[in-house]
Amino acid sequence: MVHHSGSIQSFKQQKGMNISKSEIAKETSLKPSRRSLPCLAQSYAYSKSLSQSTSLFQSFESESQAPTSVTSISADKAEQVNPEEEGKDSVLKCSFADLSDFCLALGKDKDYMDESEHANYDRSRLIKDFVPKNNSEPKSRLPKNDMNYIASSGLLFKDGKKRIDYILVYRKSNIQYDKRNTFEKNLRAEGLMLEKEPAVANPDIMFIKIHIPWDTLCKYAERLNIRMPFRKKCYYTDRRSKSMGRVQKYFRRIKKWMSQNPMVLDKSAFPDLEESDCYTGPFSRARIHHFIINNKDTFFSNATRSRIVYHMLQHTKYENGISKVGICKLINNGSYIAAFPPHEGAYKSSQPIKTHGPQNNRHLLYERWARWGMWYKHQPLDLIRLYFGEKIGLYFAWLGWYTGMLIPAAIVGLCVFFYGIFTMNASQVSQEICKATEVFMCPLCDKNCSLQRLNESCIYAKVTYLFDNGGTVFFAIFMAIWATVFLEFWKRRRSTLTYTWDLIEWEEEEETLRPQFEAKYYKMERVNPISGKPEPHQPSSDKVTRLLVSISGIFFMISLVITAVFAVVVYRLVVMEQFASFKWNFIKQHWQFATSAAAVCINFVIIMALNLAYEKIAYLLTNLEYPRTESEWENSFALKMFLFQFVNLNSSIFYIAFFLGRFVGHPGKYNKLFNRWRLEECHPSGCLIDLCLQMGVIMFLKQIWNNFMELGYPLIQNWWSRHKIKRGIQDASIPQWENDWNLQPMNIHGLMDEYLEMVLQFGFTTIFVAAFPLAPLLALLNNIIEIRLDAYKFVTQWRRPLPARATDIGIWYGILEGIGILAVITNAFVIAITSDYIPRFVYEYKYGPCANHFEYRESCLTGYVNNSLSFFDLSELGVGKSGYCRYRDYRGPPWSSKPYEFTLQYWHILAARLAFIIVFEHLVFGIKSFIAYLIPDVPKNLYDRIRREKYLVQEMMYEAELEHLQQQRRKSGHPVHHEWP
């Protein structure tokens, strides 16, 4: 074993230890493990470069000779610290000398006191100043002292020291002051500090400012298993081959080009989020000296502080009784009217950000993300996560990824559409329809309809060809594969984000129980198999009963949707006779188009009206189930809302795609609804134009309505609130928390509305894309607006939401996978049944001029239109007309032996349709499965990095334990062995 005397200093610097110079001289060097030598060598080089520019260790005036033994500290000694150093950024870097010691001295804050009986520390580990990372390039960043811009924003108590972490709001006129007093008394008993201040604009409004002290933060951070940084990461790479060197040069060129890409953000404008470069572990007060604490005020981020305070608010009683707990219930019964974390300040500044820098993170997010002028820029996901939390950060990451993946889908869909435009006039089917001046179609209604020449539908035939051409099948297959690639690569993107944001070890068992669940089942407990602690338990019989009631409610609402669709169908049957005899000549000539357009608009109004009822019913059904955790509640509520709105939006589309014109019968023997209304037929050019119209109108109107409700409505409400304030008070300084109170609260269901809107759009984009290839393009244009609209809304129009954590997008990923599977099936049926692709295919190779010839040319479809129309004898109608009219079907003519019976060609087409559905589904599902198998969920380099970091953490703990044993031997007077066992 080789000794390395003198290397302990660099070794401890790499470990983040804080010891005095005298202790370094006396300390006996340790020998690191061979397995960790590459990492230690890299750390030694880094610490050596630091020592050239600054001195890492500074001794205290009162401790020129730092003791090596661990001593306990008392309150008297704590007050002997030099008062001149109070308020400076103190640093406590990790020491692995003793895993059981608790380091109490965190800077020179007199307000911090530990209640632990074993609170002791090694004063030699304290240093005075933080050594910043030596960056050669200047970096524009937020003020280094986080308290500076907090003070400038007014987010402090009246003493100017304690920061505001949360805000409660109530009305003085509310009579439930006993509940508030008990609640606030219990909050103080839990360790929170409260301060009341009346509103400036409304004397009836009272604000309660909440501050969580350091010792309370530490206690609850340990209780909630919050992971905090404890050591800088060291990266290690093996030597690469020469071929890999050439590949790296190629990627460097691409990276250099990407740096010049105008869509890439200027990273120098954003703060250096150094916590992502540290190993993290669950916070522990007994091992607090292991964590990198540069400043107590900024060690826990604003998001973490707000999350801890919210946890305390949710689990604090306001009356005697197990169910009388939580701020949510107090808001519901009117004791408080709001509870929210404050924004970090104003989002606008009178000084330009380029010259004076950002005032706070909110200002930076507005200037570099939420402004409409930044629509082409990438999103600052790390800063979004820092300000709003991981859950909202993942939403914007998913939305950005979805929008980017829509670009190739929109390009291919546009190419298919333009292919239809360029080949429209050359289409044999369109030419035959436009030239059929002597072909008369049978009346499409009983009373007011007359014979119609086939060439009158020339325009409809050409428009139909835009969406039903040779590229339709290719595009349907492409979109099915695209959906799989999108989801598989999103899993890779999500794994990278969860690693970067330190969510790898964050598991669901760390999530706390909902207060409603605890209050309902507190008498029935069982031991948690993960934690080994007793907790409330919902019996299986009770859970099954509640689920059955909930499922019954879901089916009832779905049946209500189907009833509404049936009502719209009846409306179409009744009104088509009226439009056929309308006074306006345009509507009379295009009565089918007018009927479809009016039905679409009425259907959209019904959809939006039913959505309001669905939300309330889904909320009641979800609460009836008593979910165990917030994630379970959100997943259950999201699933119900998706089922309701998916059926609500798509039921009419499914009717048009698969039922319209399928069961009408034939002339002389039409099927009628209730023996009164004749069923609606498709246009002579087919039903696909009705499907395109239905999808386009609903998709367009819904996006406009959603954008208005997301931004327009909050803008109007906030404008009115500011207008009332200006009328009621003049020249007064409104504090930040009151400005936040005047903003609109985030939706009570969180991100559910945002995800639901995008997932429903994903359904429109994939499920019926064979009938509407422009859907990806419309979705792309909408999402470019949606990203900035949501950003502007979160930053400027909404109160700051609670920064929640999450590792993925929840149940929405499973819903997206289900939509991808359904899209393959529906597109197969749309191509086989709704479009004329299969009838043309059968005619071309079986009945046309190219039958039995394995070659393709445009003339192979010559005579297709005449072949697809059947004959009917007008004299059978008994209206005094003679001759023949034509209708869309494959039935025998009146002069055949079996008039109006299905011909052999009909059965050939039916068999071909079924065969196409089976082949298409198996082919696409096989390709999807193969692609999903080829693309791993976690990138290989990320997988190796995660494994290496776990290995290094084990090495750190092993070395720390050995160092602890050696110190114990020194204390007992035994000789110390300088080699690893």
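Residues numbered from 1 in each chain as written. Predicted model: local features only at pLDDT ≥ 70, side-chain atom pairs only at ≥ 80, totals over all residues. Heavy atoms only, no water.

An unreviewed UniProt entry annotates the chain as Anoctamin of Catagonus wagneri. What the UniProt record of the chain gives under Sequence similarities (unreviewed entry) is the line "Belongs to the anoctamin family." (UniProt positions renumbered as here; feature names shortened; annotations may be inferred.)

Chemist: Describe the state of the cysteines, and please don't skip the residues or the numbers.
Modeler: Taken as a whole and judged by the stated rule, the model has two disulfides. Across the disulfide, Cys434 is cross-linked to Cys458 (sulfur-sulfur distance 1.8 Å). Its S-S torsion of approximately 75° makes the covalent link between Cys434 and Cys458 right-handed. Remark: Cys458 occurs in helix H17 (residues 458–467) and Cys434 occurs in helix H16 (residues 428–435); sequence separation between them is 24 residues. Shown here is the disulfide that connects Cys442 with Cys885, its sulfur atoms set 1.9 Å apart. Classification of the bridge connecting Cys442 and Cys885 rests on its S-S torsion, roughly 85°, and on that basis the disulfide is right-handed. Here Cys885 lies in strand E18 (residues 884–888) and Cys442 lies in the loop between strand E9 (440–441) and strand E10 (452–453), a separation of 443 residues in the sequence. Like Cys885, Cys442 is buried. (Disulfide = S-S within 2.5 Å. Helix = DSSP H or I, 4+ residues; strand = E, 2+ residues; numbered from the N terminus. Buried < 20%, exposed > 50% of the residue type's maximum accessible area, 1.4 Å probe, protein only.)

Chemist: Break down the UniProt feature "transmembrane region" (unreviewed entry) in the chain for me, citing the residues and quoting the values.
Modeler: Following the UniProt record, one finds the feature "transmembrane region" (unreviewed entry) at residues 395–422, 472–490, 547–571, 591–614, 642–665, 759–781, 809–833 and 906–935. What you have in residues 547–571 is 100% helix and 0% strand, and the ends, taken at the C-alpha atoms, are 36 Å apart.

Chemist: Hey, could you go over unusual backbone geometry for me, with residue numbers and the actual values?
Modeler: We note that Asn225 has phi near 55°; this positive angle belongs to a residue other than glycine. Considering the arrangement of structural elements, one finds Asn225 in the loop between helix H7 (214–223) and strand E6 (227–232). A residue is classified by how much of its surface remains accessible, and Asn225, at 35% relative accessible area, is partly exposed.

Chemist: Go over the packing of helix H23 (residues 630–658) against helix H26 (residues 752–766) with me, naming the residues and quoting the values.
Modeler: Contact geometry for H23 and H26: axes closest at 10 Å, N-to-C directions at 35°. Seen from above, H23 lies across H26 with right-handed handedness. Contact with H23, carried on its side by Phe637, Ala638, Met641, Phe642, Gln645, Phe646, Leu649 and Ile653, involves Met752, Leu756, Val759, Leu760 and Phe764 of H26 and no other residues of that element. Each residue belonging to the contact of H23 with H26 can be placed in one class, and the counts come to 12 nonpolar, one polar and no charged. (Axes fitted to C-alpha atoms, helices over the stretch in contact; angles between N-to-C directions. Left-handed = near helix turned anticlockwise from the far one by under 90°. Contact = heavy atoms within 4.5 Å. Nonpolar A, V, L, I, M, F, W, Y, C, P; charged D, E, K, R; others polar.)

Chemist: Lay out H16 with the relevant residues and their values.
Modeler: Within H16, burial applies to Gln428, Val429, Ser430, Glu432 and Ile433. Taken together, the buried residues of H16 touch H17, helix H29 (837–847) and helix H30 (864–868).

Chemist: Could you give me a rundown of the nonpolar core, with the residues and numbers involved?
Modeler: Counting residues in each nonpolar core, the largest one holds 139 residues, and the members touching the most others are Trp398 and Trp812. Examining the composition of this core, we find that 15 residues originate from one element, helix H15 (residues 390–422), more than from any other. Residue contacts for Trp812: discarding those within four places in its chain leaves Ala638, Phe642, Met752, Tyr755, Leu756 and Val759. Counting residues in each nonpolar core, the second largest holds 37 residues, with Tyr170, Phe183, Phe230 and Leu952 among its members. (Core = buried A, V, L, I, M, F, W, Y, C linked by side-chain atoms within 4.5 Å.)

Chemist: I'd like a description of the packing of aromatic side chains, backed by residues and values.
Modeler: In total, this model carries 57 aromatic pairs according to the counting rule given. When the centroid spacing of 5.6 Å and the interplanar angle of 90° are considered together, the rings of Tyr884 and Trp895 count as edge-to-face. Linking Tyr884 in strand E18 with Trp895 in the loop between E18 and helix H31 (904–934), this pair joins segments that are 11 residues apart in sequence. Sitting over the ring of Phe871, Arg886 keeps its end group 3.7 Å from the ring centre. The lysine or arginine in question, Arg891, covers the ring of Phe902, its NZ or CZ lying 4.2 Å from the ring centre. (Phe/Tyr/Trp six-rings, centres within 6.5 Å; stacked < 30°, edge-to-face > 60°. Lys NZ or Arg CZ within 6 Å of the ring centre and 35° of its normal.)

Chemist: Explain the pattern of salt bridges residue by residue, including any values.
Modeler: According to the stated counting rule, one finds 24 salt bridges in the structure shown. The partner of Glu184 in a salt bridge is Lys196, and the shortest N-O contact between them spans 3.4 Å. Of this pair, Glu184 sits in helix H6 (residues 177–190) while Lys196 sits in strand E4 (residues 193–198), placing them 12 residues apart in sequence. What makes Lys196 partly exposed here is its relative accessible area of 34%. Asp468 serves as the salt-bridge partner of Arg840, at 3.5 Å between the closest nitrogen and oxygen. Of this pair, Arg840 sits in helix H29 while Asp468 sits in the loop between H17 and helix H18 (472–500), placing them 372 residues apart in sequence. Residue Arg840 shares its accessibility class with Asp468, and that shared class is buried. (Salt bridge = Lys/Arg side-chain N within 4 Å of Asp/Glu carboxyl O.)

Chemist: Summarise the sheet that holds strand E5 (residues 205–211); cite the residues concerned and give the values.
Modeler: Taken in spatial order, the four strands line up as E4-E5-E3-E8 in an open sheet, and their pairing is antiparallel. Every other strand in the sheet has two partners, leaving E4 and strand E8 (338–340) as the edge strands with one partner each. In this sheet, neighbouring strand axes are inclined to one another by 20° on average, regardless of whether the strands run parallel or antiparallel. Packing of helix H10 (residues 302–314) onto the sheet brings it into contact with strand E3 (166–171) and E5, and relative to E3 it is tilted by some 45°. (Pairing = 2+ DSSP bridges.)

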